[in-house]
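Observations on the model geometry
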Amino acid sequence: MSTDVIQAVNKQIANWTVLYVKLHNYHWYVKGQNFFTLHEKFEEFYDEAAGYIDELAERILAVGGSPIGSIKQCLELASIQESEGGEDASTMVKNIHTDFGTIMNENKQVIELAEKADDQGTADVFLDMQTNLRKTMWMLQAFLG
């Protein structure tokens, strides 16, 4: 795995880590008529985020790189912003939809870098992630109307 690919994958570890914390916040603080649905869905999303964090870190380790491993590093590197706190349920869903869109756009760059570096294994990890995110974004958009 090239240095450029490792850096790009580390950025996605950072994004998923910040999003993982944000999703916990939303899970704990969601209110309103959609509480039961969103409380459960946010938990599903943060479990998925934890899986991506682990998979990406292990991918970097498997090729001899070093994944980032601190909150400070994640906040410095991530494109995803922390929760402001106090968001209503609709805003939470909109923010997650936006965050998933950001990750999808950046994943395209990781796939291109990986393919350019002849690293199909890494490209495949991100292609699978793209498929899952595309479906999730469609569902979030349907929820928002």
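Up top you'll find the structure we're talking about.
The structure contained in this document is the topic of the report that follows. (Residues numbered from 1 in each chain as written. Predicted model: local features only at pLDDT ≥ 70, side-chain atom pairs only at ≥ 80, totals over all residues. Heavy atoms only, no water.)

**Thoughts on the packing of aromatic side chains**
Stated precisely, the cut-off is as follows: Paired rings are identified among Phe, Tyr and Trp, the last through its six-membered ring, by centres lying within 6.5 Å, and are further divided according to the angle between planes into stacked (under 30 degrees), edge-to-face (over 60) and tilted (the rest). Every helix listed is a DSSP run of H or I at least four residues long, and every strand listed is a run of E at least two residues long, numbered separately from the N terminus. For every residue, the accessible area (1.4 Å probe, protein chains only) is compared with the maximum for its type, and the residue is labelled buried under 20%, exposed over 50%, or partly exposed between those bounds.
Summed over the entire model, instances satisfying the criterion amount to six aromatic pairs. For the ring pair Tyr20 and Tyr46, a centre distance of 6.0 Å and an interplane angle of 80° mean the geometry is edge-to-face. Of this pair, Tyr20 sits in helix 1 (residues 3-29) while Tyr46 sits in helix 2 (residues 35-62), and the two are 26 residues apart along the sequence. Taking the centre distance of 5.9 Å and the plane angle of 50° together, the rings of Tyr26 and Phe42 count as tilted. A residue pair is termed long-range when its members are at least 10 positions apart, and Tyr26 in helix 1 and Phe42 in helix 2 qualify at 16 residues. Take Phe42: its relative accessible area is 0%, and that puts it in the buried class. An aromatic cluster of at least three residues, connected via ring pairs, comprises Trp16, Phe45, Tyr52 and Phe100.

**Describing the packing of helix 4 (residues 89-116) against helix 5 (residues 120-144)**
For any two helices packed against each other, the geometry comes down to the angle between their axes and how far apart the axes lie. Keep this limit in mind: Lines fitted to C-alpha atoms define the axes, with helix axes restricted to the stretch in contact, and inter-axis angles between N-to-C directions lie between 0 and 180 degrees. An angle counts as roughly parallel when it lies under 35 degrees, as roughly antiparallel when it exceeds 145, as roughly perpendicular when it falls between 65 and 115, and as oblique in every other case. By convention, the crossing between two helices is left-handed when the near helix turns anticlockwise from the far helix through less than a right angle, and right-handed when the turn is clockwise. Three residue categories are used. Nonpolar comprises Ala, Val, Leu, Ile, Met, Phe, Trp, Tyr, Cys and Pro, charged comprises Asp, Glu, Lys and Arg, and polar comprises the others, including Gly.
Direction vectors running N to C along helix 4 and helix 5 enclose 155°, while the axes themselves pass 9 Å from each other. It follows that helix 4 is roughly antiparallel to helix 5 by the angle criterion. For the pair helix 4 and helix 5, the crossing hand works out as left-handed. Tallied by class, the residues present in the contact of helix 4 with helix 5 amount to 17 nonpolar, nine polar and four charged.

**Comments concerning a negative patch on the surface**
Heads up, the rule is: Patch construction takes residues with relative accessible area above 30% that form no salt bridge. Like charges are linked within 9 Å, and nonpolar side chains (Val, Leu, Ile, Met, Phe, Trp, Tyr) are linked within 5 Å. For every accessible area listed, the method is Shrake-Rupley and the probe measures 1.4 Å; residues are considered covered only by the protein chains on display. Salt bridge, as applied in this entry: a Lys or Arg side-chain nitrogen positioned within 4 Å of an Asp or Glu carboxyl oxygen. Just so you know, the count uses Lys and Arg for positive and Asp and Glu for negative, and it drops His and the chain ends. Charge coordinates come from a single atom per side chain, which is NZ of Lys, CZ of Arg, CG of Asp or CD of Glu.
The grouping of Asp54, Glu55, Glu58, Glu112, Glu115, Asp124 and Asp128 at the surface amounts to a negative patch. The set of elements that each furnish at least two residues to the negative patch consists of helix 2, helix 4 and helix 5. No other element matches helix 2, which puts three residues into the negative patch. Residue position: Glu58 is located in helix 2. Since its relative accessible area comes to 46%, Glu58 is described here as partly exposed.

**Description of the side chain of His27**
What counts, and what does not: Counted as a polar contact is a pair of N or O atoms within 3.5 Å, where, for protein atoms, one must be capable of donating a hydrogen and the other of accepting one, and residues adjacent in sequence contribute only when both atoms are in side chains. In what follows, a contact means two residues having at least one pair of non-hydrogen atoms within 4.5 Å.
Relative to the helices and strands, His27 resides in helix 1. A polar atom in the side chain of His27 sits 2.7 Å from the backbone oxygen of His39. With residues up to four places along the chain from it excluded, the contact list for His27 reads His39, Phe42, Glu43 and Tyr46.

**A word on the packing of helix 1 against helix 2**
The geometry of helix 1 relative to helix 2 is characterised by a closest axis approach of 9 Å and an angle of 160° between their N-to-C directions. By the angle class used here, helix 1 and helix 2 are roughly antiparallel. Considering how the two elements wind past one another, helix 1 and helix 2 form a crossing that is left-handed. Of the residues in helix 2, those in contact with Ile6, Val9, Asn10, Gln12, Ile13, Trp16, Thr17, Tyr20, Leu23, His24, Tyr26 and His27 of helix 1 are His39, Phe42, Glu43, Phe45, Tyr46, Ala49, Ala50, Tyr52, Ile53, Leu56, Ala57 and Ile60. Residues belonging to the contact of helix 1 with helix 2 are distributed by class as follows: 17 nonpolar, six polar and one charged.

**Topic: unusual backbone geometry**
Phi is positive for Asp118, close to 55°, though the residue is something other than glycine. With respect to the secondary-structure elements, Asp118 resides in the loop between helix 4 and helix 5.

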